[in-house]
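# Reading the structure
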Amino acid sequence: MMPSRKTLVTSGAFLLVGSFAVWGDPAKSVGEGEGQLDIVAWPGYVERGESDKNYDWVTGFEKETGCKVNVKTAATSDEMVTLMNQGGFDLVTASGDASLRLVAGKKVQPINIDLVPSWKTLDPRLQNAPWHTVDGVHYGVPYQWGPNVLAYNTNVFKEAPKTWSVVFEEQTLPDGKSNKGRVQAYDGPIYIADAALYLSKKKPELGIKNPYELNKEQYAAAVALLQSQRALIGRYWHDATVQVDDFKNEGVVASSSWPYQVNLLQADKKPIASTIPEEGATGWADTTMMHVDAKHPNCAYKWLEHSLNPKLQGDLASWFGSVPTVPAACKGNALLTETGCATNGSENFDKIWFWRTPTAKCEKESSCVPYSQWAKDYIAILGK
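Residues numbered from 1 in each chain as written. Predicted model: local features only at pLDDT ≥ 70, side-chain atom pairs only at ≥ 80, totals over all residues. Heavy atoms only, no water.

Counting its regular elements, the protein contains 14 helices and 14 strands. The principal-axis extents of the C-alpha atoms in the protein amount to approximately 65 × 50 × 35 Å. Partitioning the contacts of the protein with sequence separation of at least 6, the portion at a separation of at least 24 is 74%. Accessible surface for the protein amounts to roughly 15,700 Å². Of this, 49% is attributable to carbon and sulfur atoms. Counting 38 positive and 43 negative side-chain charges, the protein places the centres of these two groups 4 Å from one another. (Helix = DSSP H or I, 4+ residues; strand = E, 2+ residues; numbered from the N terminus. Contact = heavy atoms within 4.5 Å. Areas by Shrake-Rupley, 256 points an atom, 1.4 Å probe, with all protein chains shown as cover. Lys, Arg positive; Asp, Glu negative; His and termini not counted. Charge placed at Lys NZ, Arg CZ, Asp CG, Glu CD.)

In structure tokens:
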């Protein structure tokens, strides 16, 4: 069951100030597996062939290591942080809006990358990414990445929308009907960054250079945009399967989304496509991180190495609509195909503003509005 919104604010939102203390020593070696591994993951990230027998990267791992994999799916980053705060899990597939909160909250431990031999096969752009590397210390292993795309109904939009305005501002769509009640927005405080990214082009006088580093004036403008957007939203989404149903049956014609939902809808022959509008897009680069009190660290390290297997990386990218963190996975995978990585956005890396936890101390502004305020204000918007 999803935690209440109040729970997410009190236990999921930390006031970060931009500095972190490094604690604990990473493991020195990997021993025999403990027989079990407990993972918090995004839906579709840890598959054992139950949804489709072609997509199974758990069964072989269990046979090889003796580590039985248990998965708890989480629909939002705030839920992941809450679950890791509660404890009882070994690993989490954390996005960038959760990872630094977990580091600052001392809920994840440093990773000894020497114990992950396939680390050297990772995309160099991700090896030292700031959402999992603090003061030169790695707190996880990159897993997958991708954009938050604009999904749209091709019966309504004969051409791809050029701007995010179709979900942010009331307007008449190409089918002659209003967008009111027919668009969605993401149910998470990090969506404030999407509004800020749109405003960085719509209102350049605000001077927004980074959608995760907003001074009070810039932040107020983003919140005001989301408050006005509230009247347009039929439903705020966080459950991918519910959003798929909403596009099929509830008249949704445009929304921020993941390639995962778009792939499912297209596989079901629905008139849905996706685009990255002219303003660019936010996105996610997910990292597998280990709980500071992991009860099964040997199985966890075995999974970290397994997670970089090119076959797993390619199969997962095909299933989820994401991009592998191991570039070699883009070639020779029957499920992903030779064009799969490009289809999933591999060439859009430089267009994506990857999720980051907003902190009070920032580079572009003298002081910024921290995530704790983002969480409170976004819940207030949804509650109207």
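Anyway, onward from the coordinates.
Helix-helix packing is described using two parameters, namely the angle between the two axes and the distance between the axes. Where helix α8 (residues 216-229) meets helix α14 (residues 371-382), the closest approach of the two axes is 10 Å, and the angle between their N-to-C directions is 20 degrees. With respect to α14, the axis of α8 lies roughly parallel. For the crossing formed where α8 meets α14, the hand is right-handed. Residues Tyr219, Val223, Leu226 and Gln227 of α8 form the contact with α14, whose participating residues are Gln373, Trp374, Asp377, Tyr378 and Ile381. Residues of the contact of α8 with α14, tallied by class, amount to six nonpolar, two polar and one charged. (Axes fitted to C-alpha atoms, helices over the stretch in contact; angles between N-to-C directions. Parallel < 35°, antiparallel > 145°, perpendicular 65-115°, else oblique. Left-handed = near helix turned anticlockwise from the far one by under 90°. Nonpolar A, V, L, I, M, F, W, Y, C, P; charged D, E, K, R; others polar.)

For the rest of this paragraph, the subject is the confidence of the model for the protein. Taken residue by residue, the protein gives an average pLDDT of 92. The fraction at 70 or more is 93%. Of the regions scoring below 50 in pLDDT, residues 1-22 engages in 58 contacts with residues more than four places distant in sequence or in other chains. (pLDDT = per-residue confidence, 0-100.)

Moving on, we come to helix α7 (residues 192-202). Each α-helix winds once per 3.6 residues, and so residues spaced three or four apart point in a common direction. Counting buried positions along α7 gives nine out of 11 residues, so the element sits mostly inside the fold. Residues of α7 that are buried make contact with α6 (165-168), α8, β12 (281-290), β14 (352-354) and α14. (Buried < 20%, exposed > 50% of the residue type's maximum accessible area, 1.4 Å probe, protein only.)

A word on the nonpolar core. Formed by 99 residues in total, the largest nonpolar core has its most connected members in Trp303 and Trp374. Beyond its immediate stretch of four places on either side in the chain, tryptophan 374 contacts Pro189, Ile190, Ile192, Ala193, Pro211, Tyr212, Leu214, Tyr219, Pro358 and Val369. With nine residues, the next largest nonpolar core counts Leu126, Trp145, Ile352 and Phe354 among its residues. (Core = buried A, V, L, I, M, F, W, Y, C linked by side-chain atoms within 4.5 Å.)

Going residue by residue along strand β8 (residues 183-186), you find Val183 and Ala185 tucked away on one face and Gln184 and Tyr186 tucked away on the opposite face as well. Pairing of β8 with strand β9 (residues 233-237) involves four bridges; the strand directions are parallel. Paired with tyrosine 186 across the two strands is tryptophan 237, which belongs to β9. Alignment of β8 against strand β10 (residues 254-257), held across two bridges, turns out to be parallel. Looking at the pairing, glutamine 184 lines up with serine 255 of β10. (Pairing = 2+ DSSP bridges.)

With that settled, the discussion passes to the state of the cysteines. This structure, assessed with the given rule, holds three disulfides. Disulfide partner of cysteine 330: cysteine 341, at an S-S distance of 2.0 Å. Here the S-S torsion is close to -90 degrees, and the disulfide linking cysteine 330 with cysteine 341 is therefore left-handed. Residue cysteine 330 is found in the loop between β13 (323-324) and α13 (340-343), and its partner cysteine 341 is found in helix α13; the two are separated by 11 residues along the sequence. Overall, cysteine 341 belongs to the buried group, its relative accessible area being 5%. With a sulfur-sulfur separation of 1.9 Å, cysteine 362 is cross-linked through a disulfide to cysteine 368. (Disulfide = S-S within 2.5 Å.)

With eight of 10 residues buried, helix α3 (residues 77-86) is to be regarded as a mostly interior element. Turning to α3, its buried residues are Ser77, Asp78, Glu79, Met80, Val81, Thr82, Leu83 and Met84.

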